[in-house]
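Residues per chain are reported as follows:
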Amino acid sequence: MPSSASADPGKNAAPPLPEPLRVPVADSHTHLDMQSGTVGDALAKAASVGVTTVVQVGCDVKGSRWAAETAATYDAVHATVALHPNEAPRIVLGDPGGTSQPPGAGGGWSRQGARRPGGDAALDDALAEIDRLAALPHVKGVGETGLDHFRTGPEGKEAQERSFRAHIEIAKRHGKALVIHDRDAHADVLRVLAEEGAPERTVFHCYSGDADMAEVCARAGYFMSFAGNMTFKNAQPLRDALAVAPLELVLVETDAPFLTPAPYRGRPNAPYLIPVTVRAMAAVRGIDEDTLATSISANTARAFDY
């Protein structure tokens, strides 16, 4: 009997190169450090289809240092730095390592490995390093930060919200964009932003709200970055949100290696697949891809001040 891998040999294969965009755009949120191959190869492949700029996003101290170093090395890369919402509870409460953490420890998988509980002092130390990195000129944003009620349970919410508030303050003090991770936490994310006062440039990464929330974000001037999941069959609420979002606040991202757009869902994602999502977005908006790409390019440069 053939194995599942042999039955579907293309499952883990990289999708083919899409037709190049005529108007270059930026991938507003990617994780090159989690993708296969070299940074140089990833950037060359992206540029060959019209994706000439990427924003490399940090999720923990090590990843944020790597993002800053990579942005200093490559002109096509801008960095953001932060503790992911699920990282803060792990720092405070500890992390047994492996691929299945308890909800209080942030849930999911951490590249940092097993850790003892560090308490508030350890979180303060980590935030101090994010603060230091945020001051660097090639670091254009603070994120991804925010709230994640999907993976973090009640035990971790206090640390998560404290970290989010600290990142907002860091972004404002350094004049950098704030990049938000919002999973199953729309009302609380909007509440904290209102209480703290959002930075001048705030980006909802992998926008996951509905059309009503898009209107709230639009009134506040928040950028909404759409990822490959807007192409999924069950993602009509995302398409409805995109349809009403002001064009001047719309960005595009891969969140690679995650959220590969249809028809390649489940295969490895990378910045070179941005044209697939751009074309799907243009269809939702009822505009040609050049018009959308022109707007996205200008919006991303404005959002990240480059």
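What counts as what
- Residues numbered from 1 in each chain as written.
- Predicted model: local features only at pLDDT ≥ 70, side-chain atom pairs only at ≥ 80, totals over all residues.
- Heavy atoms only, no water.
- Pairing = 2+ DSSP bridges.
- Helix = DSSP H or I, 4+ residues; strand = E, 2+ residues; numbered from the N terminus.
- Axes fitted to C-alpha atoms, helices over the stretch in contact; angles between N-to-C directions.
- Contact = heavy atoms within 4.5 Å.
- pLDDT = per-residue confidence, 0-100.
- Left-handed = near helix turned anticlockwise from the far one by under 90°.
- Nonpolar A, V, L, I, M, F, W, Y, C, P; charged D, E, K, R; others polar.
- Parallel < 35°, antiparallel > 145°, perpendicular 65-115°, else oblique.
- Salt bridge = Lys/Arg side-chain N within 4 Å of Asp/Glu carboxyl O.
- Buried < 20%, exposed > 50% of the residue type's maximum accessible area, 1.4 Å probe, protein only.

Peer 1: I'm lost on the sheet that holds strand 1 (residues 25-30) in this one. Help?
Peer 2: The strands that make up a sheet are held in pairs by hydrogen bonds between backbone atoms, and each pair lies either parallel or antiparallel. With respect to topology, 8 strands assemble into an open sheet ordered 1-2-3-4-5-6-7-8, the strand pairing being parallel. Every interior strand has two partners, whereas the edge strands, strand 1 and strand 8 (250-252), have only one. The average angle at which neighbouring strand axes cross in this sheet is 30 degrees, direction not considered. As paired strands, strand 3 (residues 77-81) and strand 4 (residues 139-148) are joined by 3 bridges and run parallel to one another. Its bridge partner being in strand 4, Ala 79 is matched across the sheet by Val 139. Across the sheet, helix 6 (residues 154-174) touches strand 4 and strand 5 (177-183), and the angle it forms with strand 4 is around 155 degrees. Lying on the sheet, helix 7 (residues 186-196) is in contact with strand 4, strand 5 and strand 6 (202-204); it crosses strand 5 at an angle near 150 degrees.

Peer 1: Would you mind showing me how to read the confidence of the model for the chain here?
Peer 2: Regions with low pLDDT carry predicted coordinates that are not meant to be interpreted in detail. Residues of the chain with pLDDT of at least 70 account for 92%, and the chain-wide mean is 93. Predicted confidence for residues 1-7 stays below pLDDT 50, and this span has 0 contacts to residues more than four positions away or in other chains. Below a pLDDT of 50 lies the segment residues 99-107, which in the model reaches 31 contacts outside its immediate sequence neighbourhood of four places, other chains included.

Peer 1: Could you clarify how one ought to interpret the packing of helix 8 (residues 211-220) against helix 9 (residues 236-244) in this entry?
Peer 2: The relative placement of two packed helices is expressed as an angle between their axes plus a distance between the axes. Two elements in contact, helix 8 and helix 9, have axes separated by 8 Å at closest approach and are oriented at 35 degrees. In the crossing of helix 8 with helix 9, the sense of the turn from one axis to the other is right-handed. In this structure, helix 8 uses Ala 211, Ala 214 and Glu 215 to contact helix 9, whose residues at the interface are Pro 237, Asp 240, Ala 241 and Val 244. Its residues placed into classes, the contact of helix 8 with helix 9 shows 5 nonpolar, no polar and 2 charged.

Peer 1: How do you make sense of the packing of helix 5 (residues 119-134) against helix 6 when you look at a structure like this?
Peer 2: Contact geometry for helix 5 and helix 6: axes closest at 10 Å, N-to-C directions at 25 degrees. Between helix 5 and helix 6, the crossing angle belongs to the class labelled roughly parallel. Classified by chirality, the crossing of helix 6 by helix 5 is right-handed. For the pair helix 5 and helix 6, contact is made by Asp 120, Leu 123, Asp 124, Leu 127, Ile 130, Asp 131 and Ala 134 and by Ala 159, Arg 162, Ser 163, Ala 166, His 167, Ile 170, Arg 173 and His 174, respectively.

Peer 1: How should I be thinking about the pattern of salt bridges in this particular structure?
Peer 2: Side chains bearing opposite charge may pair, as long as their charged atoms lie close to each other. All chains considered together, the criterion is met by 18 salt bridges. Here Arg 191 ties to Glu 161 by a salt bridge, and the two come within 3.0 Å at their closest N and O atoms. On the criterion of sequence distance, the pair formed by Arg 191 in helix 7 and Glu 161 in helix 6 is long-range, its members being 30 residues apart. By relative accessible area, which is 29% here, Arg 191 ends up partly exposed. If you follow the salt bridges from partner to partner, you end up with Glu 161, Arg 165, Asp 188, Arg 191, Glu 195 and Glu 196 in one network.

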